[in-house]
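What follows is the residue order along each chain.
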Amino acid sequence: MPDSAMTIRRAVPDITTTDPAASSSFYQLLGFREEMNLGWVVNLVSPSNSTAQVILITTDAAAAVNPDLSVEVDDVDAAYEAVRASGAEIVHSITDEQWGVRRFFVRDPDGKVVNVVSHR
């Protein structure tokens, strides 16, 4: 594997749900608290470890597919170029989203969709 200067800030499972309120209540039983709730996406965070998170998602507001995993990196543009150069399938082009992130989706070799993101 090549060495990477990329910094990963967090990796978070994205769980598709039809009832984000019920799912949020469940994960709060395990100690998570809601950090963000946009209705279609809820971010839950551990109060004692801010990188321990779960994302609940109904239908992504800006992409045609829901991600399975979110990876926050320090330089999303560099990650995008590296992924494109590898020939991996980009399923949502790099975009500045209205809720304050820059992101793209890529399909991993097993077909899982990864949301690669940086906060602006």
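So, here's what we can say about the structure.

Each value, and the rule that gives it
- Residues numbered from 1 in each chain as written.
- Predicted model: local features only at pLDDT ≥ 70, side-chain atom pairs only at ≥ 80, totals over all residues.
- Heavy atoms only, no water.
- Pairing = 2+ DSSP bridges.
- Helix = DSSP H or I, 4+ residues; strand = E, 2+ residues; numbered from the N terminus.
- Axes fitted to C-alpha atoms, helices over the stretch in contact; angles between N-to-C directions.
- Salt bridge = Lys/Arg side-chain N within 4 Å of Asp/Glu carboxyl O.

### Some remarks on the sheet that holds strand β1 (residues 8-16)
Picture the strands of a sheet paired through backbone hydrogen bonds; they go either parallel or antiparallel. Taken in spatial order, the eight strands make up an open sheet running β2-β3-β4-β1-β5-β8-β7-β6, and their pairing is mixed. Of all the strands in the sheet, just β2 (33-37) and β6 (90-96) have a single pairing partner and so form its edges. Averaged over all pairs of adjacent strands, the angle between their axes in this sheet comes to 25°, without regard to strand direction. With three bridges joining them, β1 and strand β4 (residues 49-57) adopt parallel strand pairing. If you follow Thr-16 over to β4, its bridge partner there is Ile-57.

### Quick word on the pattern of salt bridges
Inspection of the entire model under this criterion finds seven salt bridges. Note that Glu-89 is salt-bridged to Arg-107, the shortest N-O span being 3.0 Å. Pair noted here: Glu-89 is in the loop between α2 (76-86) and β6 and Arg-107 is in strand β7 (residues 101-107), with a separation of 18 residues, a long-range link. Between Glu-97 and Arg-103 there is a salt bridge, and its shortest N-O distance comes to 3.0 Å. Salt bridges linked by common partners bring Asp-77, Asp-96, Arg-102 and Arg-120 together as one network.

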